[in-house]
There are 2 protein chains.
Amino acid sequence: MRTHFCGLIDASLIGQTVTLCGWADVARDLGGLCFIDLRDHEGIVQVVAEPEQGVDGNAEVIAMAADVGYEDCLRITGEVRRRESPNAKIPTGQVEVVARRIEVLNKAEPLPFHAHENPGEDIRLKYRYLDLRTPDMQRKMRTRTKLVQALRRWLDARGFQDIETPILTKATPEGARDFLVPARMHEGEFYALPQSPQLFKQILMMAGFDRYYQIARCFRDEALRADRQLEFTQLDMEFAWVEERDVQDATETMIRDVFSEVIGVDLGAFPRMTWAEAMRRYGSDKPDLRIDLELVDVDDAVKGSEFKVFTDWAGVEGGRVCALRIPGGASLSRKQIDEYAAHAAKFGAKGLAYIKLSETGEVSSPIAKFFSDGAFAALLAQVSAVNGDIVFFGAGARGTVSDFMGALRLKAGKDFGLVQAGWKPLWVTDFPMFEWDEEAQRHVALHHPFTAPAVDSIDDLRANARTAVSRGYDMVLNGNEIGGGSIRIHRSAMQSAVFELLGIGAEEAEAKFGFLLDALKYGAPPHGGIAFGIDRIAALMAGTESIRDVIAFPKTTGAQCLMTGAPSPIPDAQLAEVHVAVRAQPER
Amino acid sequence: MRTHFCGLIDASLIGQTVTLCGWADVARDLGGLCFIDLRDHEGIVQVVAEPEQGVDGNAEVIAMAADVGYEDCLRITGEVRRRESPNAKIPTGQVEVVARRIEVLNKAEPLPFHAHENPGEDIRLKYRYLDLRTPDMQRKMRTRTKLVQALRRWLDARGFQDIETPILTKATPEGARDFLVPARMHEGEFYALPQSPQLFKQILMMAGFDRYYQIARCFRDEALRADRQLEFTQLDMEFAWVEERDVQDATETMIRDVFSEVIGVDLGAFPRMTWAEAMRRYGSDKPDLRIDLELVDVDDAVKGSEFKVFTDWAGVEGGRVCALRIPGGASLSRKQIDEYAAHAAKFGAKGLAYIKLSETGEVSSPIAKFFSDGAFAALLAQVSAVNGDIVFFGAGARGTVSDFMGALRLKAGKDFGLVQAGWKPLWVTDFPMFEWDEEAQRHVALHHPFTAPAVDSIDDLRANARTAVSRGYDMVLNGNEIGGGSIRIHRSAMQSAVFELLGIGAEEAEAKFGFLLDALKYGAPPHGGIAFGIDRIAALMAGTESIRDVIAFPKTTGAQCLMTGAPSPIPDAQLAEVHVAVRAQPER
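Since we're looking at a predicted model, the values are computed, not measured.

Things to note about the UniProt feature "binding site: ATP" (unreviewed entry) in chain A
Phase 1 of the analysis: Listed under "binding site: ATP" (unreviewed entry) in the UniProt record, and renumbered for this structure, are A:Arg220, A:Asp221, A:Glu222, A:Gln229, A:Glu481, A:Gly533, A:Ile534, A:Asp535 and A:Arg536.
Phase 2 of the analysis: Take A:Asp221: it is sitting in the loop between strand S9 (211-219) and strand S10 (231-240).
Phase 3 of the analysis: When sequence neighbours within four positions are dropped, the list of residues in contact with A:Asp221 reads A:Ala176, A:Arg177, A:Asp178, A:Phe179, A:Leu230, B:Arg184 and B:Val578.
Phase 4 of the analysis: Here A:Arg536 lies in helix H16 (residues 534-542).

Notes on the relation of the copies chain B and chain A
Phase 1 of the analysis: When chain B is fitted to chain A, the best match, at an RMSD of 0.1 Å, comes from turning it 180° and sliding it 0.0 Å along the axis. In the structure described here, the two chain copies are related by an operation that fits a two-fold rotation axis.
Phase 2 of the analysis: In this assembly the copies share their binding face: 100% of the residues contributing to the interface of chain B also contribute to that of chain A.

Some remarks on the sheet that holds strand S23 (residues 568-569) of chain A
Phase 1 of the analysis: Strand order in this open sheet of three strands is S23(A)-S8(B)-S7(B), and the pairing throughout is antiparallel. What marks the edges here is a single partner per strand, and that holds for S23 of chain A together with strand S7 (180-182) of chain B.
Phase 2 of the analysis: Bridge analysis of S23(A) against strand S8 (residues 189-192) of chain B gives two bridges, and the strand direction is antiparallel. Looking at S8(B), one finds that A:Pro569 is bridged to B:Glu189.

Brief notes about helix H1 (residues 58-66) of chain B
Residue and element names in this part refer to chain B.
Phase 1 of the analysis: Listing the buried residues of H1 in full gives Asn58, Val61, Ile62 and Ala65. Viewed along the axis of H1, the buried residues span an arc of 100°, placing them on a single side of the element. Exposed and oriented more than 90 degrees from the buried face of H1 are Ala59 and Glu60.
Phase 2 of the analysis: Turning to H1, the residues buried within the fold contact strand S2 (34-40), strand S3 (43-49) and strand S5 (95-106).

Structural notes on the pattern of salt bridges
Residues and elements named next belong to chain A.
Phase 1 of the analysis: By the definition in use, this model includes 97 salt bridges over all chains.
Phase 2 of the analysis: Between Glu121 and Arg548 there is a salt bridge, and its shortest N-O distance comes to 2.7 Å. You can see Glu121 sitting in helix H2 (residues 121-126) and its partner Arg548 sitting in the loop between H16 and S23, a full 427 residues away along the chain.
Phase 3 of the analysis: According to the relative accessible area criterion, Glu121 is partly exposed, its value standing at 28%.
Phase 4 of the analysis: Judged by relative accessible area, which is 14%, Arg548 ranks as buried.
Phase 5 of the analysis: Here Glu577 ties to Arg184 by a salt bridge, and the two come within 3.1 Å at their closest N and O atoms. Remark: Arg184 occurs in the loop between strand S7 (180-182) and strand S8 (189-192) and Glu577 occurs in helix H17 (residues 572-577); sequence separation between them is 393 residues.

Things to note about the pairing of strand S1 (residues 17-29) of chain B
Residue and element names in this part refer to chain B.
Phase 1 of the analysis: Bridge count for S1 against strand S4 (residues 73-82) is seven bridges, and the pairing is antiparallel. If you follow Leu20 over to S4, its bridge partner there is Ile76.
Phase 2 of the analysis: Relative to S2, S1 runs antiparallel, the two being bridged by six bridges. Across the sheet, residue Asp29 finds its bridge partner in S2, namely Cys34.
Phase 3 of the analysis: Following S1, the chain reverses through four residues before pairing antiparallel with S2; Gly31 in that reversal takes a positive phi of roughly 70°.

Rules and cut-offs
For every chain, the first residue of its written sequence is number 1, and the numbers climb from 1 along that sequence. Chains carry letters and ligands carry numbers; both start at the beginning, A for chains and 1 for ligands, and go up in the order they are written. Side-chain atom pairs in this predicted model are given and counted only at pLDDT of 80 or more, local residue features only at pLDDT of at least 70, and totals for whole chains, interfaces and linings cover all residues. Excluding hydrogens and water, the side-chain figures rest on all heavy atoms present in the structure. UniProt positions are given in the numbering used here, feature names are shortened, and annotations may be inferred rather than shown by experiment. Strands here are runs of E lasting at least two residues and helices are runs of H or I lasting at least four, both read from the DSSP assignment and numbered beginning at the N terminus. Whether two residues are in contact is decided by their heavy atoms, any of which lying within 4.5 Å being enough. Residues below a pLDDT of 70 in either copy are left out; the C-alpha atoms of the rest, at least 70 in both, set the least-squares superposition of the copies. Only strands joined by at least two bridges in the DSSP assignment are considered to pair. With a 1.4 Å probe rolled over the protein chains alone, any residue whose accessible area is under 20% of its type maximum counts as buried; one over 50% counts as exposed, and the rest are partly exposed. When we speak of the arc, we mean the arc of directions from the helix axis to the C-beta atoms. Here a salt bridge means any side-chain nitrogen of Lys or Arg lying within 4 Å of a carboxyl oxygen belonging to Asp or Glu.

And the structure:
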């Protein structure tokens, strides 16, 4: 239907006749002389309809052009010529197309909103086709396609097998987040949508596929936070006959190559950090290294003080007292300091001690009085505080303190413009094998129950479960966990032992994971893998905060598709066919 | 963990030390001299453990080798040497590896079955990891990966955007086959899994993506026939600003290129045939052109007979009388002819008339008596029957006759070895727009309700709905519909008219497809596309009848996954969270 793309018309085509298809971006009728900006996915070119000697039907062309409205679908044939007043803002700005024929392929009704407006996200999602038609959204979505293509190309060239795993599968034990699907042929039974292809990819290694990947849709039915989706996409990978560094080295190279190819960024070699170090220095297992602020443990410096909150926790097993120095932070008003305290409280802080050193050296601090002059000076020295700084302090249970001080570090980084431009990747390794759940009085898996411990002996693991380190690892980029993986357990006895430590009894394990325990018995090779969050990586590459900008048809935080109206009620007769009923509402 | 792959050890490595990982395919202990066939995904190499002078610990290596069992996971280091008695059957047969170190990475328990056995499909599916580990299944699955990679490479090189569409979406009007997913956040409402991304890909064209593809998972909840799956994979494509030939020419080239690349087959240029011609000559809208048999209409030749079944239908509107000549078919016994009749009956035949001409020219036919000698000879002449043939006749309603005569043609092709080797692609075009449903007394869409009619005028379409031709097309290969598509309706008024003709009222259309009707109003470009069945194409390429051989974890015809045990019962409390209950069983 066309000979060229609008956005690619250039001076090399001057004098040629071209046929273009596209949308009317703008149409201007200057009285007998009409301009149309014709747009396709490659860009915009100016079309002009003008009186011309010796051209039949030109009056008709001008009349048609005069009648063109926003977003009409047009096919235009005309001659390319040099533009009298070039437009340097667009790549086609040197030329224009003199219309000889205009066909209206589809007339557009008045639009609910225009591209240059921002009508709010709900309207954008309802009329998603208009939103996606804008050059900005086109660019973001096309960045995602490029990412996925580059990843596939990289993996295909290295012998990875792209294998699809089921979407209709078995409910998992942490089934609370499973989407359920009633089975027509099996009354009262349900399929579940996979939270990840974890067990299938492990089985594929046992099945001899050696290297596997899949751009896999995963599903998690939970209350949506601002930046989560019910369904999300991960690059799922698994390797047989490997150790940690094999997986890490290969995927670090992959991510580096792909960033270079898609957005021309060299991520360099990725630094490595243990989980313990990351928590200690940054209060996070996914530290944003673009922010040049660190937590400093001050247990020793505060031990001698009379501030009970500090002395209760300083040097205590399971406790932590640490400081965060913010250069220039003395500019914070009392009200702003309160905001920091409120922010810390959201992450579990019971209060927020601070020392403010004005530019002229005056101290403002609710805790100064608990310190001797010498101890106070020593404390300031330890955290390298200088005039103009503020120093925040956290004290309490180790995990909680790390969490809220890490959160303050991020907030301060943003508030004080301390987030450097650029890209800061990182491997975080040596995660704890288990977290101890005080409430349930049992271990829970920090990664998932198939992660191998760093020890080979079951007895060792049992004896040191609380401090055991796993063979898990995360890839972090600018404070985002973009990938997470581990070496897996490949022996049946170890897998059973880990289930047991997690409080999954033999019977339950057999019912839920019998096929895995079986498969481990029949020659399961050592294996490990990783999964990358495609939505997040695409958003980072496209330079947008929201993953909804790189998903064609996202759902709202209310779990709805505003365009199609999903979810929706279903006639009872149709529910009967799959043997379920909507549950009667309890009285309220 | 390894330096080389087992299957790639060759004479160029003689004298070198290699480390291999793999499974013990066979181990033979010849008393102080042990052979292990070590297998990885690349193939098998022979490892030998033998007494050797001056090598420390070799006794230990021999002892370990003697202890190796089937499918043990091993890591072996040793030296490559030329084999004394080469094995021409395997690519590594010129060499062997003399073991210096054997590590048992994972000991295998006695297997439930061995690779050379066929324990039946249920056992294979239950222990799918063992089944997939066999070289034959590895080859089939890897063919599928190659197909998908080749398709993507082709499409990526031509600017197609790989875009993901939702899996959790809105129930469709023909919702009887929808899988339903209860929505946690919306009591009493449900998502549905997509039967195809049809509307989303059309919307993507309206959203300016120009060229789209997706290797998309689709879902259809229906009783499984032998070769269907609840979830299946299609290559989904859509093009903006196109007509039929644009889509057909591009995708024909794609399929031809991919067959050439993956299995080295040149499909040549695809012949084209209208739906009417395909039904007339082959009794099928997906004719297998490898079978050199055709139906011949004999209305004129039988009109003068006294056989009422023929005369009732010959030359009648909506009726058909046709013949199928089977060369050599005179060898069929009475019992075999009855089997043909029974086969035809499955497709709606009420009886099956025939004429058998023995090798010596004797006629055996229940209908000969209804013909004059001359008319009988003329009939035989029209169908070119010669001695040794059998000719079957079908008479009745046009559609039914075509169906059962088409089915007989396929059966005869197989029974008489008339299916030529090789590949016979075909485009079938000019499908009817609607089928008339006698029972419901209304039109139903032959493709789907978004297919454009071949006429532009709504009045024309309304006036000639029963005979209207659509802009749909199918790609057929060896009797399989491997792809189907159409030019879509791109104007709102035409879409509404087609809904109306299909008995979908304005209110219903608005409720179900309001967003599509809206989108068509705001500048929808002409567009069209196609979808290809990846499972079927992969099976054809891999040379297997069953698509289950090219799906890693297929479900049975009973809709179950025998490995994981899906579907399964779910605790009532968990169902309560998503606001559904298992329906009480009606009394039986």
